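Commentary on secondary and tertiary structure
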Number of protein chains: 2
Amino acid sequence: MQDTKERIIELADRLIRTRGFNAFSYKDISDPLEIKNAAVHYYFPSKTDLGIAVINQEIEKLAINKLYWATFPENEQLQFFFDVFYQRSKQGYICLMGSLSPDYETLSAAMQEKVQHMSEDVLEWVTLCLENGRKKQLFHFEGDAYNRALLVVSNMISSLLLARVTGKEVFEKISNQLLKDLL
Amino acid sequence: MQDTKERIIELADRLIRTRGFNAFSYKDISDPLEIKNAAVHYYFPSKTDLGIAVINQEIEKLAINKLYWATFPENEQLQFFFDVFYQRSKQGYICLMGSLSPDYETLSAAMQEKVQHMSEDVLEWVTLCLENGRKKQLFHFEGDAYNRALLVVSNMISSLLLARVTGKEVFEKISNQLLKDLL
DNA sequence: AAATTTACTTACTTGTAGGTAAGTAAGCAA
DNA sequence: TTGCTTACTTACCTACAAGTAAGTAAATTT
């Protein structure tokens, strides 16, 4: 039953996005899955191990998406990217970066490294997407593509945060404004 | 010694910004101040009371700043606003919104309300600042001022988050890009 | 001078956190 | 069929979380 391991990661992912890494316990995982907390420790000896598994899964998901999106023009690629966040906003979830970066100082060195890795991955992809899109005249913006990518990523992260507090319509308002500025 | 109460709020504020609301305990406050944890409960019976006090202080600080800034032209007002965040980024602190919104679902109803209040306050001010600044031709942007304010606030929040993970230079890159787009 | 309030401390409680050691039933491998 | 591995459970531990009840010394009010 490798199934259990995947269900633990799945639930941990949801808990990190909804409550935060420091606000869920092994009990929050073992109870709904109807196993004992020691069973969670069996697969993930420490909470750090579990956190890392969740981040790794996210990094892999991005890698798969990147491959799939690569066949489309850059403006559509960026739209796909936004859609990932849009789906999350509808569920009331935030993204891993938005959840883990506030807790950054409380995370183990190993988790901090993974969080860094993930953010670099995302920023690198958005930078390339914007850069290539501009060359093809699909995007129009001034300045360094990396700086523009920072703006895009930054807005994705915190529009999910704001959406939770001030209402879900906020996400669409921010992403529409962002796109208008770029196209 | 009303002093103790203020020092508790001060330290709680720092802990919320550095570690997160769910990642500090009364011990983290009582130890450095060399008092007992019950002394913290004396001033703030529950953790929620303490959280609310911290948010209230922030709302008051903004109110004072708003009054002071009002005598300046809007582009300078916005620069002052950015500077508040810039100072935080240099300290490695994040803002209250960036810290409390990921934990939003785990907060008491009373704290959730306060967080909402704070975010509405900030958004209202930035919206007015942008709107008035545009009328005076100090800002140049397309679309609704509120949507643009969302973008500005959203970037302030998450540039502090990103700065923590990918380096402090990120804050300046984002805010410079933002200002360039507006001026 | 007596009563009350302020600003705490002492000493506790209950609950839960993350984690571990030892056991076990079922499956598979030699 | 014996032994090893997998996938857990049982039963526990230590640490600490938030919170409280009762006490107290000093200051303030009446």
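Check the entry above for the structure.
Presented here is a report on the structure given in the accompanying data block.

Analysis parameters
- Residues numbered from 1 in each chain as written.
- Chains lettered and ligands numbered in written order.
- Predicted model: local features only at pLDDT ≥ 70, side-chain atom pairs only at ≥ 80, totals over all residues.
- Heavy atoms only, no water.
- Least-squares fit on C-alpha atoms with pLDDT ≥ 70 in both.
- Near = heavy atom within 4 Å.
- Polar contact = N/O pair within 3.5 Å; in protein donor to acceptor, adjacent residues only side chain to side chain.
- Helix = DSSP H or I, 4+ residues; strand = E, 2+ residues; numbered from the N terminus.
- Contact = heavy atoms within 4.5 Å.
- Buried area = accessible area lost by both parts, 1.4 Å probe.
- Salt bridge = Lys/Arg side-chain N within 4 Å of Asp/Glu carboxyl O.
- Nonpolar A, V, L, I, M, F, W, Y, C, P; charged D, E, K, R; others polar.

1. A look at the relation of the copies chain A and chain B
Mapping chain A onto chain B calls for a rotation angle of 180 degrees and an axial translation of 0.0 Å; the resulting RMSD is 0.0 Å. A rotation of that kind, with that shift, is consistent with a two-fold axis.

2. Here we look at the protein's contact with DNA strand D
Surveying the vicinity of DNA strand D reveals 18 residues, the closest of which are A:K36, A:Y43, B:S25, B:Y26 and B:K47. Of everything in DNA strand D that lies within 4 Å of the protein, sugar and phosphate atoms constitute 72%. Taking A:T4, its side chain carries an N or O atom lying 3.0 Å from a phosphate oxygen of DNA strand D. Taking A:Y43, its side chain carries an N or O atom lying 2.6 Å from a phosphate oxygen of DNA strand D. For the surface near DNA strand D, the secondary structure elements donating two or more residues are α3 (37–43) of chain A together with α2 (26–30) and α3 (37–43) of chain B.

3. A word on the interface of chain A and chain B
Listed as interface residues are 41 residues of chain A and, on the opposing side, 41 residues of chain B. Both faces considered, chain A and chain B share a buried interface measuring about 3,600 Å² in area, 63% of it formed by carbon and sulfur atoms. If you sort the residues of chain A by the area they bury against chain B, A:P102, A:V165 and A:Q177 come out on top, with a joint share of 17%. On the surface where chain A and chain B come into contact, there are 2 salt bridges. Linking B:R148 and A:D181 is a salt bridge whose minimum nitrogen-to-oxygen distance equals 2.9 Å. Only α6 (96–100), α7 (109–135), α8 (145–166) and α9 (169–182) of chain A provide two or more residues apiece to the side of chain A that touches chain B. Looking at the side of chain A that touches chain B, the element that brings in the most residues is α8(A), giving 15 residues. Class assignment of the residues belonging to the side of chain A that touches chain B gives a composition of 17 nonpolar, 15 polar and 9 charged.

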